[in-house]
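Next come the chains, spelled out residue by residue.
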Amino acid sequence: MAYFKIGTIDFSDIVSELSVKYSPVYNKQTNAAGNTVVDLLGSKRSIEVKIIPIDKDKMAALLAAIKNYNVVLSYRDPITNELSTGVQCLLKDIPIDYYRINSKVLYNETKLKFSEL
């Protein structure tokens, strides 16, 4: 079963960890009586994935999918245990470390942090 996609491309096979964080979006005001009123507007999600060490072909496919930094994700939602689709996200950084073994280019594991728009 797919549990992490960028656009329509399934990257579940290279993901070793998936973390989802929900952050409330609210408006807080204090009235004249000193009472604080909080209006919950919704929540934003942060999705973090840990990518296993991969070869140059997989890295090229991953970089092609995230090169615009503004992507649409699908991921396994821990609340519903279903694939949550169409989540518009922004990727702040793309950390890439690589090393060579026997003249074959391989990339170290890395973490990608997506923030819902």
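The following paragraphs examine the structure supplied in this document. (Residues numbered from 1 in each chain as written. Predicted model: local features only at pLDDT ≥ 70, side-chain atom pairs only at ≥ 80, totals over all residues. Heavy atoms only, no water.)

**Concerning the nonpolar core**
Consideration 1: With 22 residues, the main nonpolar core has Phe-4, Ile-6, Ile-47, Leu-62 and Phe-114 as its most contacted residues.
Consideration 2: Those elements that provide at least two residues to this core are strand 1 (4–6), strand 4 (36–51), helix 1 (56–66), strand 6 (70–76), strand 7 (83–91), strand 9 (104–107) and strand 10 (110–116).
Consideration 3: Residue contacts for Phe-4: discarding those within four places in its chain leaves Ile-9, Asp-10, Phe-11, Ser-12, Val-15, Leu-18, Ile-47, Val-49, Leu-73, Ser-74, Tyr-75 and Phe-114. (Core = buried A, V, L, I, M, F, W, Y, C linked by side-chain atoms within 4.5 Å. Buried < 20%, exposed > 50% of the residue type's maximum accessible area, 1.4 Å probe, protein only. Helix = DSSP H or I, 4+ residues; strand = E, 2+ residues; numbered from the N terminus. Contact = heavy atoms within 4.5 Å.)

**Here we look at the sheet that holds strand 4**
Consideration 1: With antiparallel pairing, the 7 strands of this open sheet are ordered in space as 2-1-6-7-10-4-3. Each end of this open sheet is capped by a strand with a single partner; those strands are strand 2 (9–10) and strand 3 (15–30). (Pairing = 2+ DSSP bridges.)

**With respect to the environment of Phe-114**
Consideration 1: Within the secondary structure, Phe-114 sits in strand 10.
Consideration 2: Linking Phe-114 and Leu-90, residues 24 residues apart in sequence, is a C-alpha distance of 5.5 Å.
Consideration 3: With near-sequence residues (within four places) excluded, Phe-114 lies in contact with Phe-4, Ile-6, Arg-45, Ser-46, Ile-47, Val-49, Ile-66, Val-71, Leu-73, Cys-89, Leu-90 and Leu-91.

**What about the pattern of salt bridges?**
One side chain can pair with another of opposite charge once the charged atoms of both are near each other.
Consideration 1: One pass over the full model with this rule turns up 5 salt bridges.
Consideration 2: With its nearest N and O atoms 3.6 Å apart, the salt bridge here joins Lys-50 to Glu-17. Here Glu-17 lies in strand 3 and Lys-50 lies in strand 4, a separation of 33 residues in the sequence.
Consideration 3: Owing to a relative accessible area of 19%, Lys-50 belongs among the buried residues under this scheme.
Consideration 4: Given a relative accessible area of 42%, Glu-17 falls into the partly exposed group. (Salt bridge = Lys/Arg side-chain N within 4 Å of Asp/Glu carboxyl O.)

**Some remarks on the environment of Leu-73**
Consideration 1: Take Leu-73: it is sitting in strand 6.
Consideration 2: Contacts of Leu-73, omitting those with residues within four sequence positions, involve Phe-4, Lys-5, Ile-6, Ile-47, Ser-84, Thr-85, Gly-86, Val-87, Cys-89 and Phe-114.

**Quick look at the side chain of Ser-84**
Consideration 1: By the secondary structure assignment, Ser-84 is in strand 7.
Consideration 2: Other than its neighbours up to four places away in sequence, Ser-84 contacts Arg-45, Leu-73, Ser-74, Tyr-75 and Asp-77.

**Brief notes about the pairing of strand 7**
Consideration 1: Pairing of strand 6 with strand 7 involves 6 bridges; the strand directions are antiparallel. By the bridge assignment, Tyr-75 is partnered in strand 7 with Ser-84.
Consideration 2: The loop that links strand 6 with its antiparallel partner strand 7 comprises 6 residues; one of these, Asn-81, has a positive phi angle of about 60°.
Consideration 3: Pairing analysis gives 3 bridges linking strand 7 to strand 10, with the strands arranged antiparallel. Its bridge partner lying in strand 10, Leu-91 is registered against Phe-114.

**Regarding the packing of aromatic side chains**
To describe a pair of aromatic rings, one takes the distance between the centres and the angle between the planes.
Consideration 1: By the definition in use, this model includes 2 aromatic pairs.
Consideration 2: Ring geometry for Phe-4 versus Phe-114: centroids 6.1 Å apart, planes at 45°, classification tilted. With a gap of 110 residues between them, Phe-4 in strand 1 and Phe-114 in strand 10 connect regions that are remote in the sequence. For the pair formed by Phe-4 and Phe-114, the shared burial category is buried. (Phe/Tyr/Trp six-rings, centres within 6.5 Å; stacked < 30°, edge-to-face > 60°.)

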